[in-house]
2 protein chains.
Amino acid sequence: MSKFVYTFGKDITEGKGDMKDQLGGKGAGLAQMSLTGVPVPPGFTIVTDVCNVFFDNDQKVPKEVDDQIWKALAVVEKAVGKKFGDAADPLLLSVRSGAKFSMPGMMNTILNLGLNDKTTEGLVKLTNNPRFAYDCYRRFISMFGEVAFGVEMGHFDEVFDARKKKAKVKLDTDLSADDLKVIVEDFKKVFAKHAKREFPQDVKEQLILSRNAVFMSWWAPKASYYRKMEKISDRLGTACNIQAMVFGNMGDTSCTGVGFTRDPGSGAKVFYGEFLVNAQGEDVVAGIRTPSPISELKDWNEGVYNQLVDITTKLELGYKDMQDFEFTVQDGVLYMLQTRNGKRTGPAAVKVAVQLVEEGLIDEKTAVMRVAPNQLDQLLHPVFNPASLKTLVKLATGIDASPGAAVGRLAFTSEDAVIMCEKSPVILIRKETTPDDIHGMDASKGILTAVGGKSSHAAVVARGMGVPCVVGCGALAINERGKSATVKTGDKTVTIKEGDWVSLDGTTGAVYLGQAETQDPDPNSPAFAKFMKMADKFRGSFGVRANADIPRDAKAARAFGAEGIGLCRTEHMFFAEDRLPFVQKMILTDNVKDRTKALAKLLPMQKKDFAGLFESMAGFPVVIRTLDPPLHEFVPKREELMVDLAKLPAADLKTKKEMVARYKNFVPDVKSLKTVLPQLLARVEQLHEFNPMLGHRGCRLGITYPEITEMQARAIFEAVVQVAKKGKTVIPEVMIPLIGGVEELKNQKDIVVRVAEEVLAKAGLTGKQKYLVGTMIEIPRAALTADRVATEAQFFSFGTNDLTQTTMGLSRDDYTKFSKEYEDKKIFKADPFGVIDREGVGKLIKLAVDLGRSTNPKLEIGICGEHGGEPSSVEFCYNVGMDYVSCSPYRVPIARLAAAQAAIQKADSSVQAGGTK
Amino acid sequence: MSKFVYTFGKDITEGKGDMKDQLGGKGAGLAQMSLTGVPVPPGFTIVTDVCNVFFDNDQKVPKEVDDQIWKALAVVEKAVGKKFGDAADPLLLSVRSGAKFSMPGMMNTILNLGLNDKTTEGLVKLTNNPRFAYDCYRRFISMFGEVAFGVEMGHFDEVFDARKKKAKVKLDTDLSADDLKVIVEDFKKVFAKHAKREFPQDVKEQLILSRNAVFMSWWAPKASYYRKMEKISDRLGTACNIQAMVFGNMGDTSCTGVGFTRDPGSGAKVFYGEFLVNAQGEDVVAGIRTPSPISELKDWNEGVYNQLVDITTKLELGYKDMQDFEFTVQDGVLYMLQTRNGKRTGPAAVKVAVQLVEEGLIDEKTAVMRVAPNQLDQLLHPVFNPASLKTLVKLATGIDASPGAAVGRLAFTSEDAVIMCEKSPVILIRKETTPDDIHGMDASKGILTAVGGKSSHAAVVARGMGVPCVVGCGALAINERGKSATVKTGDKTVTIKEGDWVSLDGTTGAVYLGQAETQDPDPNSPAFAKFMKMADKFRGSFGVRANADIPRDAKAARAFGAEGIGLCRTEHMFFAEDRLPFVQKMILTDNVKDRTKALAKLLPMQKKDFAGLFESMAGFPVVIRTLDPPLHEFVPKREELMVDLAKLPAADLKTKKEMVARYKNFVPDVKSLKTVLPQLLARVEQLHEFNPMLGHRGCRLGITYPEITEMQARAIFEAVVQVAKKGKTVIPEVMIPLIGGVEELKNQKDIVVRVAEEVLAKAGLTGKQKYLVGTMIEIPRAALTADRVATEAQFFSFGTNDLTQTTMGLSRDDYTKFSKEYEDKKIFKADPFGVIDREGVGKLIKLAVDLGRSTNPKLEIGICGEHGGEPSSVEFCYNVGMDYVSCSPYRVPIARLAAAQAAIQKADSSVQAGGTK
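Given the structure is predicted, the values throughout are model-derived calculations rather than measurements.

A. The overall build of chain A, seen in detail. For chain A, the helix and strand inventory stands at 37 helices and 33 strands. Expressed as lengths along the three principal axes of its C-alpha atoms, the size of chain A is roughly 105 × 65 × 55 Å. For chain A, the residues scored as buried account for 58% of the 917 residues in total. Nonlocal contacts in chain A, meaning residues at least 24 apart in sequence, comprise 67% of its contacts between residues at least 6 apart. Taken as two groups, the 121 positive and 116 negative side-chain charges of chain A have centres that lie 2 Å from each other.

B. Structural context of unusual backbone geometry. Residues and elements named next belong to chain B. Its identity as a non-glycine residue notwithstanding, Asp11 has a phi of 70°, on the positive side. Looking at the secondary structure, you find Asp11 in the loop between β1 (5-8) and α1 (20-35). Classification of Asp11 as exposed rests on a relative accessible area of 73%. Even without a glycine there, the phi angle at Lys320 is positive, about 55°.

C. Focus on the interface of chain A and chain B. Contact with chain A, which involves 57 residues of that partner, is made by 57 residues of chain B. Summed over both partners, the interface of chain A with chain B comes to about 5,300 Å²; 57% of that surface belongs to carbon and sulfur atoms. Together, Phe690, Leu694 and Arg781 of chain A form the three largest contributors to the area buried by chain A at its contact with chain B, with a combined 13%. Inspection of the chain A/chain B interface yields 10 salt bridges. A salt bridge links Arg638 of chain A to Glu639 of chain B; its shortest N-O distance comes to 2.7 Å. At the surface where chain A touches chain B, the tally comes to 30 residue pairs in polar contact (both at pLDDT 80 or more). Among the elements that take part in the side of chain A that touches chain B, helix α24 (residues 638-647) of chain A stands out by supplying six residues, more than any other.

D. Up close: a positive patch on the surface. Together, Lys585, Lys593, Lys597 and Lys601 of chain A line one region of the surface with positive charge. Take the positive patch: its biggest share by element is three residues, from helix α23 (residues 592-616) of chain A.

E. Spatial organisation of the environment of Val670 of chain A. Residue and element names in this part refer to chain A. Note that Val670 resides in the loop between α25 (653-662) and α26 (673-687). Counting along the chain gives 11 residues from Val670 to Met659, while the straight-line C-alpha distance between them is 8.1 Å. Aside from chain neighbours lying at most four places away, what touches Val670 is Leu653, Lys656, Lys657 and Val660.

F. Highlighting the relation of the copies chain A and chain B. Placing chain A over chain B gives an RMSD of 0.5 Å and needs a rotation angle of 179°, together with 0.1 Å of translation along the axis. In short, the pair behaves as if placed about a two-fold rotation axis. It is Asn691 of chain A whose C-alpha, among those of chain A, lies nearest the rotation axis, at 2.0 Å. A shared binding surface is used by both copies, with 100% of the interface residues of chain A retained as interface residues in chain B.

G. Focus on the sheet that holds β1 of chain B. Residue and element names in this part refer to chain B. Sheet architecture is open: five strands sit in the order β1-β2-β7-β5-β6, paired in antiparallel fashion. One side of each edge strand has no neighbouring strand; the edge strands of this open sheet are β1 and β6 (109-113). Each adjacent strand pair in this sheet contributes to an overall mean axis angle of 20°, direction not counted. Relative to strand β2 (residues 43-46), β1 is paired through four bridges, and the arrangement is antiparallel. Counted as the bridge partner of Tyr6 is Thr45 from β2. This element, helix α8 (residues 203-217), spans β2, β5 (93-99), β6 and β7 (238-244) of the sheet and lies at about 145° to β7.

H. Focus on the packing of helix α36 (residues 871-880) of chain A against helix α37 (residues 892-907) of chain A. All names here are of chain A. α37 packs onto α36 with a crossing angle of 50° between their chain directions and a minimal axis gap of 8 Å. Between α36 and α37, the crossing angle belongs to the class labelled oblique. At the point where α36 passes α37, the crossing takes the right-handed sense. Each of Pro871, Val874, Glu875, Tyr878 and Asn879 in α36 lies in contact with α37, whose residues at this interface are Ile894, Ala895, Ala898, Ala899, Ala902, Ala903, Gln905 and Lys906. Split by residue class, the contact of α36 with α37 holds nine nonpolar, two polar and two charged.

I. Here's a closer look at the pattern of salt bridges. Applying the stated criterion across every chain, the model contains 138 salt bridges over all chains. Here Lys83 of chain B ties to Glu77 of chain B by a salt bridge, and the two come within 3.7 Å at their closest N and O atoms. The network of salt bridges with shared partners includes Glu571, Arg625, Asp628, Arg697 and Asp802 of chain A.

J. Layout of the sheet that holds strand β11 (residues 323-330) of chain B. Residues and elements named next belong to chain B. Spatially, β10-β9-β8-β11-β12 is the arrangement adopted by the five strands of the open sheet, whose pairing is antiparallel. Of all strands in the sheet, those with a lone pairing partner are β10 (292-293) and β12 (333-341), marking the two edges. Pairing between β11 and β12: eight bridges, direction antiparallel. In the sheet register, Glu326 faces β12, and the bridge partner there is Gln338. Docked against the sheet, helix α12 (residues 302-319) engages β11 and β12, running at close to 25° with respect to β12.

K. Representation of the nonpolar core. Core analysis: the biggest nonpolar cluster contains 300 residues, and Phe614, Phe798 and Ile845 of chain A together with Phe614, Phe798 and Ile845 of chain B have the highest contact counts within it. Apart from the residues lying within four places of it in its own chain, the contact partners of Phe798 of chain A are Ile777, Leu803, Ile845, Ala848, Val849, Ile861, Gly862, Ile863, Cys864, Gly865 and Met882 of chain A.

L. How the structure looks around the packing of helix α20 (residues 526-539) of chain A against α37 of chain A. Residue and element names in this part refer to chain A. Direction vectors running N to C along α20 and α37 enclose 45°, while the axes themselves pass 8 Å from each other. With respect to their mutual orientation, α20 and α37 come out oblique. The element α20 and its partner α37 pack so that their crossing is left-handed. Contact residues: α20 offers Phe528, Phe531, Met532, Ala535, Asp536, Phe538 and Arg539, while α37 offers Pro893, Arg896, Leu897, Ala899, Ala900, Ala903 and Ile904. Here the residues of the contact of α20 with α37 sort into 11 nonpolar, no polar and three charged.

M. Local environment of helix α3 (residues 63-80) of chain A. Residue and element names in this part refer to chain A. For α3, built from 18 residues, the straight-helix expectation of 26 Å at 1.5 Å per residue is met to within 8% by its first-to-last C-alpha distance of 26 Å. Along α3, the positions that sit buried rather than exposed are Val65, Gln68, Ile69, Ala72, Leu73, Val76 and Glu77. In the stretch just after α3, Gly81 is the one whose phi turns positive, near 85°.

N. Highlighting the packing of aromatic side chains. Applying the stated rule across the entire model yields 60 aromatic pairs over all chains. Each ring, one from Tyr815 of chain A and one from Phe828 of chain A, has its centre 5.9 Å from the other, and the planes form 50°; the classification is tilted. Within this pair, whereas Tyr815 of chain A is found in helix α33 (residues 812-815), its partner Phe828 of chain A is found in the loop between α34 (819-824) and α35 (838-855), the two being separated by 13 residues in sequence. Of the two residues examined, Tyr815 of chain A and Phe828 of chain A, each falls in the buried class. Their ring planes at 70° and their centres at 4.9 Å tell us that Phe717 of chain B and Tyr771 of chain B sit as a pair that is edge-to-face. With Phe717 of chain B in helix α28 (residues 706-724) and Tyr771 of chain B in the loop between α29 (742-762) and β30 (772-777), the pair connects residues that are 54 residues apart, well separated along the chain. Grouping residues by exposure puts Phe717 of chain B and Tyr771 of chain B together as buried. Counting every residue linked through ring pairs, the aromatic cluster contains Tyr137, Phe140, Phe144, Phe149, Phe191 and Phe199 of chain A.

O. Geometry of α29 of chain B. Here α29 of chain B spans 30 Å end to end across 21 residues, near enough to the 30 Å set by a 1.5 Å rise per residue. Within the sequence span of α29 of chain B, burial applies to Val742, Glu744, Leu745, Gln748, Lys749, Ile751, Val752, Val755, Ala756, Val759 and Leu760 of chain B. In this structure, the buried residues of α29 of chain B make contact with α34 of chain A together with α27 (699-704), α28, β29 (731-736), β30 and α31 (786-789) of chain B. Following α29 of chain B by one or two positions, Gly764 of chain B adopts a phi angle in the positive range, close to 70°.

P. The environment of Asp520 of chain B, seen in detail. Residues and elements named next belong to chain B. Take Asp520: it is sitting in the loop between β25 (518-519) and α20 (526-539). Given the relative accessible area of 67%, Asp520 is considered exposed. Distance from Asp520 to Ala396, taken between C-alpha atoms, is 24 Å for residues 124 residues apart in sequence.

Q. Spotlight on the environment of Gly842 of chain B. All names here are of chain B. Within the element layout of this structure, Gly842 appears in helix α35 (residues 838-855). Between the C-alpha atoms of Gly842 and Asp157, which are 685 residues apart in sequence, the distance is 49 Å. In this view, Gly842 contacts Ile836, Asp837 and Phe876; residues no more than four positions away in its chain are not counted.

Rules of the game
- Residues numbered from 1 in each chain as written.
- Chains lettered and ligands numbered in written order.
- Predicted model: local features only at pLDDT ≥ 70, side-chain atom pairs only at ≥ 80, totals over all residues.
- Heavy atoms only, no water.
- Helix = DSSP H or I, 4+ residues; strand = E, 2+ residues; numbered from the N terminus.
- Buried < 20%, exposed > 50% of the residue type's maximum accessible area, 1.4 Å probe, protein only.
- Contact = heavy atoms within 4.5 Å.
- Lys, Arg positive; Asp, Glu negative; His and termini not counted.
- Charge placed at Lys NZ, Arg CZ, Asp CG, Glu CD.
- Buried area = accessible area lost by both parts, 1.4 Å probe.
- Salt bridge = Lys/Arg side-chain N within 4 Å of Asp/Glu carboxyl O.
- Polar contact = N/O pair within 3.5 Å; in protein donor to acceptor, adjacent residues only side chain to side chain.
- Patch = residues over 30% accessible without salt bridge, like charges linked within 9 Å, V, L, I, M, F, W, Y side chains within 5 Å.
- Areas by Shrake-Rupley, 256 points an atom, 1.4 Å probe, with all protein chains shown as cover.
- Least-squares fit on C-alpha atoms with pLDDT ≥ 70 in both.
- Pairing = 2+ DSSP bridges.
- Axes fitted to C-alpha atoms, helices over the stretch in contact; angles between N-to-C directions.
- Parallel < 35°, antiparallel > 145°, perpendicular 65-115°, else oblique.
- Left-handed = near helix turned anticlockwise from the far one by under 90°.
- Nonpolar A, V, L, I, M, F, W, Y, C, P; charged D, E, K, R; others polar.
- Core = buried A, V, L, I, M, F, W, Y, C linked by side-chain atoms within 4.5 Å.
- Expected span 1.5 Å × (residues − 1).
- Phe/Tyr/Trp six-rings, centres within 6.5 Å; stacked < 30°, edge-to-face > 60°.

Right, here's the structure in full:
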């Protein structure tokens, strides 16, 4: 006969700590604690297999399981010295679910099981505390009703609140025993009405119904969804833990508390926690009374305190990780209710991991796996002091686009931001940003937009700069010209104006009115450095590069450990104030001659930029992408021109002067407006596109205007020569964007190679200075034909932003309009612009990697989309066989850690993923 | 020793008609004619292998080839009775290329080879016709110079024209012998200058150089490209035909002519052609003198005429197809120079194919393969009378978007078109059309747009309506409000205004100013019906459906043989004048209640439409797609609103009244403009998208607004019940657009099935009335995950317009801006919106078909994109295993024929594709 039920507790423990498969995490923990002599209220665990049997068997369990349950219950009764259902001295039980993996959203708990009209009266007599007894009973009826019969807690709350009102009391604890007795009767009526049966007085029936409810919770929609998300098998099942109740609310010799073996905020090795005398566990969390710091437990009961320190220290040694524990002292006797690895902040995770290695408790591999990569964000960006947020009005929550906390005064235009930043820190607020806003973004401490998603212009650029940013904050109605905005927050509408102080949390997306305190992180702490060094040991040859467009970003990237630049967007160099006029001239001309002339002006500027990048990244590869965005991004906005042109006939001088200022690169004076604006609009109309994302951009520009590619190639290779002549190692990689097939790559590669060879020959470096020419893979067709593309490409770099847009037929900017519905309705498992969609986009990437290597085994393969800094995506890239990932400088450490973890897991699939957040 | 050279001619023929591999098409034809007793000037063919040897061998041929050439030449000399290079009576030769397959753009021809200073003098004496001799010599020098040395013909023309000017003559034939003698000397100088050597007097050298030139032409860029396009192997090589010259210009007993065994325009069985006395072949084509109809040849020389009729009749019998032949009569003796299958118009192709079957010459399979599917277009649409076009000014050439000829007066807005069409035919001219223009397009005989490609709105809708349409006519600068346009044509700028007569050819893209004559085709001719019946026999179970949105189109589709509707775009029903206000109300409301109310108004209208479709297509499946386009298509244009709002403060009453008219569904009167316009703009702004193609549309609408899907499903199934109750067979298939994965399909399918079951249950038809729910596959991710999608889908329909856009990352509307560059630079082999891109998009389709069938073997698969009516794409769909194609009604016969041909070719890969255009 199989064993379905395992008892635990002093001297009666049948299971072991390594039996998580059968006992679940919680059950195995209780068994382990019992075995190591930790005082645990006795109980028993029904194994996970029974959960499957239950569902396979029409929601029934075989008789032999029930037999084992009653047998185990008898053992527990003996250990406690009380009897289940005994009217004089009843044994009360808790019932809890517990799967192998922790599953938030599934945990069902029923306390005080075993109470009925009779046993409650027994408890009254036994404890001489009717208030305690009725309170336990009413709690049990409502929890049991909710968990086992799906009665909404609201129905109970209504009755409860009505009684409080009647009794004219504020706190639950102010209710008298008599009040509670009435409530118990009312609760039984609520139960009967909604559960459509009487509340069961038979304690055995209570137990069986509760056990079944725990099993049913395995298939609750939120639990199913969580398993799907986390790829947890439906066949694992949940165990069911039934345990004797202990009470911290039996008087002043009782208490209940929670704690950590180290500080979960900083990682410091101090005993940390709080407790509450004469209280039940839920009261500590409820915040009705203020708990005392755990250090005061020593004064209250030194013996108990020492015992607790001793036990938890042993537990930490046993679990080899910081523990988060719960305990109850019943009448001077300590019981441990739970222990588990404690959740912690990023800095704490890093510090604890390093400490544990130093203490010899864990090896480096384990330490590296202990920190969730995204936790590093907290080490790289300022955070708010939570206390200082409490006094501020929360305005709205947008999309967390670039992490970190920022405080500043609102500026509504980039020009204003540049001016205002000299006097005080600035938060730039815009409906959306465009490349025109680069200088304003650069001048700001934080960026806030009303539209756009995680891959919008604002988000991408802000992350690159390391500036906190919240986007897609739809609650904002911005009046850009009026320099104000309104926000609906609850029923109130708040108006915010230029100069108002705002605090913005790019890590959570929250926006507050007022000035919060920020805390600066210490990314250069010894623990962090030590931790990253450990991580890098496991990463092997898999590289992490950074996306950086200017020397300043390249230097930051190096400091964060980037091993090269995976993407330099040359167009970002085109928006600088001194260059834009030439760029615009180049675009607006309709003949090759004038275009070539304008390009000649840009060449020395681009060359200087490239030389700066090569110097900052000497010895490392630098991938430079040729011009990518549609040309209309560089010229005035069509709608703005149309509106101004419509206004012009009736405009006064002031308005006209504003127009001249707005189009200063085109219109010399007020009187030219009439002739120049229509011409300008006509050309802008020609550049207008219905779907710019799918339009005349990327290599399509270089193919129609080969002189642009030629100028850029010349600037690159003249910069290569200049830096190489200084004795520095330059490793240039020229990347052609947006190809759909080998023909487009070939066309552009021919130009690049011709110019490169010409420039190198002139410098006497032919054959000596190596370089690569490769391509972005960001269009499905390029991926599908990667075998042919790879015959011309020396490297592939997956542009997963655009590849996601095209593969899913989904505009990243427009998606935000219905993303909430898609997430609520579980259409997408995660934001596909945040995490690589493995099923669709990932399949295409895998296909392209395999096809590419099939014709060109030496092909270098990386990723330069925003996903390159997202841990799950980094893992995917590692597993699919890429050579490197590239991400914004501030995510480089995250990518390094994610890659290390992917490498460790690939080498040893038994290693557990992720840290403990 | 291998045989490299084959002689042909009376009694000396070594080759045969089936030796096309070795002798090429032309050489095999000459051999065949010779063998069947047709008088052919003798000559010899150098086999195609020598072409390969030539290139493998550093552009030299082995001595044994030369030996065989001189030996064959001796045979020819004997047959003709003249000697090559004989100063007294020289044998003159023609040299021509001739590959296995006809390759336009490669054919090189050199005539009169063997002339030099001495033989020319001999010819003068022999013919006593110095003019003739010098004319031959000058022709030879220039042709030889061009073909063998790449001297541009322009250099020779310059000299020739200068001499004509000096001699004050207009026609070439007016030049005297002396003039021509001077020209010969000048030509030799031109030759020496540009060929950088003296003109070779050695006739053997002339021959060898000419032969080499023929081989070289095999690798000319245009020939290489043509082979790549047509997938002809580079190793086939070209043969070289060297043949004795005969002269039709030796006096009044000589003539030259061309003819067809049947009328190539109508297919009528009449002897057809023309001839010119005392002329060389090229003169017939040059149009300097007007040739006589071939019937008059009988009067000129009855013997020759009878002989010619006799020979060509035999040739037609031998080749089993209409022949296109060339002949020359030299001094009363008939020589056949060429025979080949004749090119013909669509009507002729159909008629000849049917006749030949009736005459027992060919079987039905062969007949079906004889007509190129696109040729049927000419039977389905009116065409211009070519003569009537000669007097008109050609304004421009745009993209041929919907075939047929149309004549009408210009209307610049849809409203004008509706008004003007009552008095005269109308051509609607727009920058681009939008769904707003449906009524104007419907009122017009032809549609002309300045932007957009073959898949633009104008193109798609026009094809659906069968209205001729030219799009992307970039030469037009349209001033829509001014109701005029300017066209640059050459140096001149022409202005066209409202009411001007224009003739537009949707088959060629040409646009003319003025009224041309049109000829109506007869699509119901007995020959056509018979032909289509033959074709359908081979198509098997492969279906052809039509894309039709309204009952009228459905009826037209049935008449063209459509076996169901493959795509009904329900949104087209939303643009009708009486519905738009409700649609707009539905869109602009921000709550479900009001939206549901507006939808309730639309329900009976949609139901009526659907019932009409079901009745027209009783017994055939009808695929109805739920709402697809982005909602902003239904509301006023954002830019227009912005401009009007900018103008409003200074607007006079007239302008304001115009605005009220423009926004009549929203603004009741002039004084409301100020309040309503900003509100309207605010909502339109919310709907605005950066990339509408990738935005909030397709199933994404149905997911965010389930009430829309619900209303449409209700309308569909209530219509089903209504028509089914009349005893008609209704086969509804509900199609969900733009899904990226199974989750989206499931979401929408659940709504459709719920409503369907509810409606059917109410009618007592549960289980009795069948229906399918399926999905478009138009997003790469849907194709990549088709195995999962097929677990929910009962059918797939490939939306290849959008699938091409997303797979190639290419907006069909914006592509026209650089399509010319892409075609010129050979980046794309064909317009991917016209012909399915097999390498990329096709690969994805194949993948999706295989994945889909892997999990759902019963899956019905079709295509409803524009490609469904394009022959090569139909072939692809057939081969990839689809069940049907769906296309616009007017392309249904084309698709039927293309499918028949694909089926025949798949069953028998030896069958030759396509007809003879």
